[in-house]
Amino acid sequence: MRKSWWKILAVVLISLVIIAGLLGPVPALFLLHETIRNVYFHVPMWFAMLFLYLISVIYSIKYLNTGKQEYDFMAVEAVNTGITFCFMGLATGMLWANITWGDPWPNDPQLNGAAIATLMYLAYLVLRNALEEEQKRAKISAVYNIFSFPIMVVLLYVLPKLTDSLHPGSGGNNAFSTLDMNNQLRPVFYTAVIGWILIGTWMLSLRYRMRLIESKQNEIN
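Treat the numbers as computed from the prediction; the structure is a model and nothing was measured.

A. Spatial organisation of the packing of helix 3 (residues 69-100) against helix 6 (residues 186-220). Contact geometry of helix 3 with helix 6 gives a least axis separation of 8 Å together with a crossing angle of 135°. Between helix 3 and helix 6, the angle falls in the class oblique. The two elements helix 3 and helix 6 meet at a crossing, and its hand is right-handed. Facing helix 3, whose interface residues are Gln 69, Glu 70, Phe 73, Met 74, Val 76, Glu 77, Ala 78, Asn 80, Thr 81, Thr 84 and Phe 85, helix 6 presents Trp 196, Ile 199, Gly 200, Met 203, Leu 204, Arg 207, Tyr 208, Arg 211, Leu 212, Ser 215 and Glu 219. By residue class, the composition of the contact of helix 3 with helix 6 is 11 nonpolar, six polar and five charged.

B. Geometry of the pattern of salt bridges. Evaluation of the coordinates by the stated rule reveals three salt bridges. Between Asp 72 and Arg 128 there is a salt bridge, and its shortest N-O distance comes to 2.9 Å. With Asp 72 in helix 3 and Arg 128 in helix 4 (residues 109-130), the pair connects residues that are 56 residues apart, well separated along the chain. By relative accessible area, which is 7% here, Arg 128 ends up buried. One salt bridge connects Arg 207 with Glu 77, and the closest N-O pair in it is separated by 2.6 Å. In this pair, Arg 207 is assigned in helix 6 and Glu 77 in helix 3, connecting sequence segments 130 residues apart.

C. Spatial organisation of the side chain of Ser 60. Position of Ser 60 relative to the elements: it lies in helix 2 (residues 42-66). Residue classification places Ser 60 among the buried residues on the basis of a relative accessible area of 2%. Leaving out residues up to four positions away in the same chain, Ser 60 has contacts with Ala 75, Ala 142, Asn 145 and Ile 146.

What counts and what doesn't
- Residues take numbers from 1 onward in each chain, read along the sequence in its written order.
- Where local features are concerned, this predicted model is filtered to residues with pLDDT of at least 70; where side-chain atom pairs are given and counted, the filter is 80 or more; whole-chain, interface and lining totals use all residues.
- In computing side-chain values, all of the structure's heavy atoms are included and hydrogens and water are not.
- Throughout, an axis means a line fitted to C-alpha atoms (over the contacting stretch in the case of helices), and angles, computed between N-to-C directions, take values from 0 to 180 degrees.
- Secondary structure is summarised from DSSP: a helix means a run of H or I of at least four residues, a strand means a run of E of at least two, and numbering begins at the N terminus for each.
- Oblique is the label for every angle not falling under 35 degrees (roughly parallel), over 145 degrees (roughly antiparallel), or within 65 to 115 degrees (roughly perpendicular).
- Handedness of each helix crossing follows the sense of rotation of the near helix against the far helix: counterclockwise by less than a right angle gives left-handed, clockwise gives right-handed.
- Should any heavy atoms of two residues lie within 4.5 Å, those residues are considered in contact.
- Polar here means any residue other than Ala, Val, Leu, Ile, Met, Phe, Trp, Tyr, Cys and Pro, which are nonpolar, and Asp, Glu, Lys and Arg, which are charged; Gly is therefore polar.
- A pair is scored as a salt bridge if a Lys or Arg side-chain nitrogen falls within 4 Å of a carboxyl oxygen belonging to Asp or Glu.
- Categorising residues by exposure relies on relative accessible area from a 1.4 Å probe, with only protein chains included: less than 20% of the type maximum marks a residue as buried, more than 50% marks it as exposed, and the intermediate range marks it as partly exposed.

Encoded structure:
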């Protein structure tokens, strides 16, 4: 029980977010109306994705410094889990965009940056499968991973701020301002961010343990 407290917390937080997100009161915001409820799901998915990709980078650096295979396993499983949240973020975002903007994928800098970033991390997984030699695969993919993360941050956060975008936080428009996030939304939103990050960490730990078991079975065979 002591080791699983954070898993219980994750389930409790997400349960509260789902209930509040579907049934709780929301402010009457221009254009968004009831669709603002999606902020509890769409945006936290990206927070969880960024957290998992950051974990992956940290363990890629650790692998290059030590050569421990376990660090490489953690790095790749963090990306595998992060990709899952990336797809969920894209799906909820497309649904939201279709309702509020009339198009699931308008020509928007942040959306285009998200597409490029997603392809970059899918290429990381393809690269790993293309290399057969274990150490070579781990080293090359670790270097690729380390350089991909800052590029992704630029694509998702820096470039959209330099131009006009439909997303908040772009073109001089501050994100999480009173225009799109008020004190009625913030408690549930931040609860969602913490909850989804914990869920992502839980998924990562399960995938990592499965990878270790698979590796040991391959060594026996």
